[in-house]
Amino acid sequence: MKNKFILCGLIGWCLEIFWTGLKSFQRRQMKLIGHSSIWMFPIYGMAAFLAPVSRWIQKKGTLFRGSVYACAIFLGEFITGSLLKKRDMCPWDYSKARWNIDGVIRLDYAPVWFFTGLLYEKIFRRL
């Protein structure tokens, strides 16, 4: 589990840096600078806990599995974001986004978390 936690943390960091780099492209910042926070490593590392879930639901359809992962990621993001926000340490703030909940999750990110969960599932199967 420790190795999966570390791997998930590193993959999450890389995905976030890539994602934020793409967002800078959207803002026409051609340096495409991506960024993250040290707090994100353990948050992304918690995706390792999806490994047993992925085994339990492996025979279900893609829509069901991706939805389960998206809900689990939303839950993890909401809990960790709320805890960090109380201590003024949350590295993200979605309060200006249209579909935000308490500024710590964005419902319009559901497709992103859907496919991220399926990506982690694929990685777990290869391990």
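Throughout what follows, the structure given in this document is the object of discussion. (Residues numbered from 1 in each chain as written. Predicted model: local features only at pLDDT ≥ 70, side-chain atom pairs only at ≥ 80, totals over all residues. Heavy atoms only, no water.)

### So, the packing of aromatic side chains
Counted by the stated rule, this structure contains eight aromatic pairs. Centre to centre, the rings of Trp19 and Tyr109 are 5.9 Å apart; their planes meet at 80°, and the pair counts as edge-to-face. Of this pair, Trp19 sits in helix α1 (residues 2–26) while Tyr109 is found in the loop between β2 (105–106) and α5 (110–126), placing the two residues 90 residues apart along the sequence. Here Tyr109 falls in the buried class, since its relative accessible area comes to 10%. Ring geometry for Phe114 versus Phe115: centroids 5.0 Å apart, planes at 75°, classification edge-to-face. What makes Phe114 buried here is its relative accessible area of 15%. These aromatic residues form a ring-pair network of at least three members: Trp19, Trp92, Tyr94, Tyr109 and Trp113. The ring of Phe64 is capped by Lys60, whose NZ or CZ atom sits 5.9 Å from the centre of that ring. (Phe/Tyr/Trp six-rings, centres within 6.5 Å; stacked < 30°, edge-to-face > 60°. Helix = DSSP H or I, 4+ residues; strand = E, 2+ residues; numbered from the N terminus. Buried < 20%, exposed > 50% of the residue type's maximum accessible area, 1.4 Å probe, protein only. Lys NZ or Arg CZ within 6 Å of the ring centre and 35° of its normal.)

### Concerning a nonpolar patch on the surface
A cluster of nonpolar side chains, Met1, Met46 and Phe49, forms an exposed patch at the surface whose accessible area comes to about 310 Å². The residue Phe49 is located in the loop between α2 (40–45) and α3 (50–56) in this model. (Patch = residues over 30% accessible without salt bridge, like charges linked within 9 Å, V, L, I, M, F, W, Y side chains within 5 Å. Areas by Shrake-Rupley, 256 points an atom, 1.4 Å probe, with all protein chains shown as cover. Salt bridge = Lys/Arg side-chain N within 4 Å of Asp/Glu carboxyl O.)

### A short note on α1
Given a rise of 1.5 Å per residue, 25 residues ought to cover 36 Å, and the 36 Å separating the end C-alpha atoms of α1 matches this to within 8%. If you check which residues of α1 are buried, you get Cys8, Gly9, Ile11, Gly12, Glu16, Thr20, Gly21 and Ser24. Those residues of α1 hidden inside the fold are in contact with α2 and α5. Arg28 occupies a position one or two residues after α1 and carries a positive phi of about 60°. (Expected span 1.5 Å × (residues − 1). Contact = heavy atoms within 4.5 Å.)

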